[in-house]
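# Chains, contacts and geometry: an overview
Each chain is listed here by its residues.
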Amino acid sequence: MKIFVKDKVKISETEVEIRCREKDSEVEAVLESIKSVSDTLMGEKENGDKEPVRVSKVLYFEAVDRNVFAYTTDNFYRVKRTLYDLEDYLTKKHFVRISKSAIVNLKAVKSVAPEDGRRLKLLLRNGEWIVVSRNYVSDFKTGIGMKEAK
């Protein structure tokens, strides 16, 4: 695949053109990546201020006491969606469920290490460790391409 980027001063917004022999899985993956850059959710900060949160900047989502939080490198936001809803919405955006209470951005994972009880530990790009519960290890491995999807 060849990629060309040309700066043009006289356009009002960024344009992306994809030329391909056929629209195969590689092209579909590129399209999904491009679309996911502009996806946002409305988040509420601890002080009550609301602001849009780019999904691509979210490291993981976690459910705590009937609230769902989105964690970025330097902040966290309460979002008014359930984990089930987010899981459906984020499936094609490089996110995978890792426990009953968490969904992780696969692009935020720096390394993976084994943990006791057939679990895995994930080191995120902000230096935080989170655990993949053993019931979700298979889904995580499928998400990162270590295992074939069923």
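Residue numbers run consecutively from 1 along every chain, following the written order of its sequence. In keeping with the model being predicted, local features are shown solely for residues with a pLDDT of at least 70 and side-chain atom pairs are shown and tallied solely at 80 or more, while totals for entire chains, interfaces and linings include all residues. To obtain the side-chain values, all non-hydrogen atoms of the structure were included, while hydrogens and water were left out.

At least two DSSP bridges between two strands are required for those strands to pair. Helix numbering and strand numbering both begin at the N terminus, where a helix is a DSSP run of H or I of at least 4 residues and a strand a DSSP run of E of at least 2. The strand order across the open sheet formed by seven strands is 2-1-5-4-3-7-6, and the pairing between neighbours is antiparallel. Each edge of the open sheet is held by one strand with a lone partner, namely strand 2 (50–54) and strand 6 (95–99). Taken pair by pair, the neighbouring strands of this sheet meet at an average axis angle of 40 degrees, ignoring direction. Where strand 6 meets strand 7 (residues 102–105), four bridges bridge the pair, whose relative direction is antiparallel. For every element, the axis is a line fit to its C-alpha atoms; helices are fit only across the contacting stretch, and the angle between N-to-C directions ranges from 0 to 180 degrees.

Here we come to the layout of surface pockets. Any empty space left between the atoms is revealed when a probe the size of a water molecule rolls over them. Of the pockets and cavities examined, the largest pocket occupies roughly 1100 Å³. For cavity detection a 1 Å grid was placed over the protein atoms alone, and a set of points counts as a cavity when a 1.4 Å probe fits there but cannot get out; an open set counts as a pocket when protein lies on both sides within 12 Å along at least five of seven lines, with lining residues being those that have an atom within 4 Å of a point. If you go around the largest pocket, you meet 25 residues; those closest to its centre are Phe4, Glu15, Val16, Glu17 and Ile18. Only Asp, Glu, Lys and Arg are considered charged in this grouping, and only Ala, Val, Leu, Ile, Met, Phe, Trp, Tyr, Cys and Pro are considered nonpolar; every other residue, Gly among them, is considered polar. Of the residues in the lining of the largest pocket, the class split is 11 nonpolar, two polar and 12 charged. Within this model, the second largest pocket holds a volume of roughly 410 Å³. The set of elements that each furnish at least two residues to the lining of the second largest pocket consists of helix 1 (25–37), strand 6 and helix 3 (137–143). Residue composition of the lining of the second largest pocket, grouped by class: six nonpolar, four polar and six charged. Grid points are joined across faces, edges and corners, and a volume is the space filled by probe spheres set on the points.

A few words now on unusual backbone geometry. One non-glycine residue, arginine 66, lies in positive phi territory at about 65 degrees. Positionally, arginine 66 belongs in the loop between strand 3 (60–64) and strand 4 (67–71). For the exposure calls, accessible area comes from a 1.4 Å probe over protein chains only, and a residue counts as buried if that area is under 20% of its type's maximum, exposed if over 50%, partly exposed in between. A relative accessible area of 88% places arginine 66 in the exposed class. Phi angles above zero are rare outside glycine, and arginine 118 is one such case at about 60 degrees.

Checked against the element boundaries, arginine 97 lands in strand 6. Given a relative accessible area of 6%, arginine 97 falls into the buried group. It only takes one pair of heavy atoms within 4.5 Å for two residues to be counted as in contact. Filtering out sequence-adjacent residues up to four positions away, arginine 97 remains in contact with Leu83, Tyr84, Glu87, Ala102, Ile103, Tyr136 and Asp139.

A separate point is a nonpolar patch on the surface. Residues Met1, Ile3 and Val5 make up a contiguous nonpolar surface patch of roughly 410 Å² in combined accessible area. With respect to the element layout, methionine 1 can be found in the segment before helix 1. Patch members must show over 30% relative accessible area and no salt bridge, and they are joined within 9 Å when carrying like charges or within 5 Å when they are nonpolar side chains of Val, Leu, Ile, Met, Phe, Trp or Tyr. The method behind every accessible area is Shrake-Rupley, applied with a 1.4 Å probe, and residues are considered shielded solely by the protein chains displayed. A side-chain nitrogen of Lys or Arg and a carboxyl oxygen of Asp or Glu constitute a salt bridge if their distance falls within 4 Å.

Looking now at the confidence of the model for the protein chain. Residues of the protein chain with pLDDT of at least 70 account for 97%, and the chain-wide mean is 89. The predictor attaches a confidence to each residue, called pLDDT, with possible values from 0 through 100. Strand 4 holds the highest mean pLDDT among the elements of the protein chain, 97, whereas helix 1 holds the lowest, 78.

A complete count under the given rule lists eight salt bridges for this structure. Taking the shortest distance from any N to any O, the salt bridge between glutamate 44 and arginine 78 comes out at 3.0 Å. Of the two residues, glutamate 44 is situated in strand 1 (residues 40–44) and arginine 78 in strand 5 (residues 76–79); the sequence distance between them amounts to 34 residues. Looking at glutamate 44, the relative accessible area reads 17%, which means it is buried. For arginine 78, a relative accessible area of 24% puts it in the partly exposed group. Of the charged contacts in the structure, one is a salt bridge between glutamate 115 and arginine 119, with a shortest N-O distance of 3.6 Å. Exposure remark for glutamate 115: the relative accessible area of 27% places this residue in the partly exposed category. According to the relative accessible area criterion, arginine 119 is partly exposed, its value standing at 32%. When salt bridges that share partners are traced, they join Glu44, Lys50 and Arg78 into one network.

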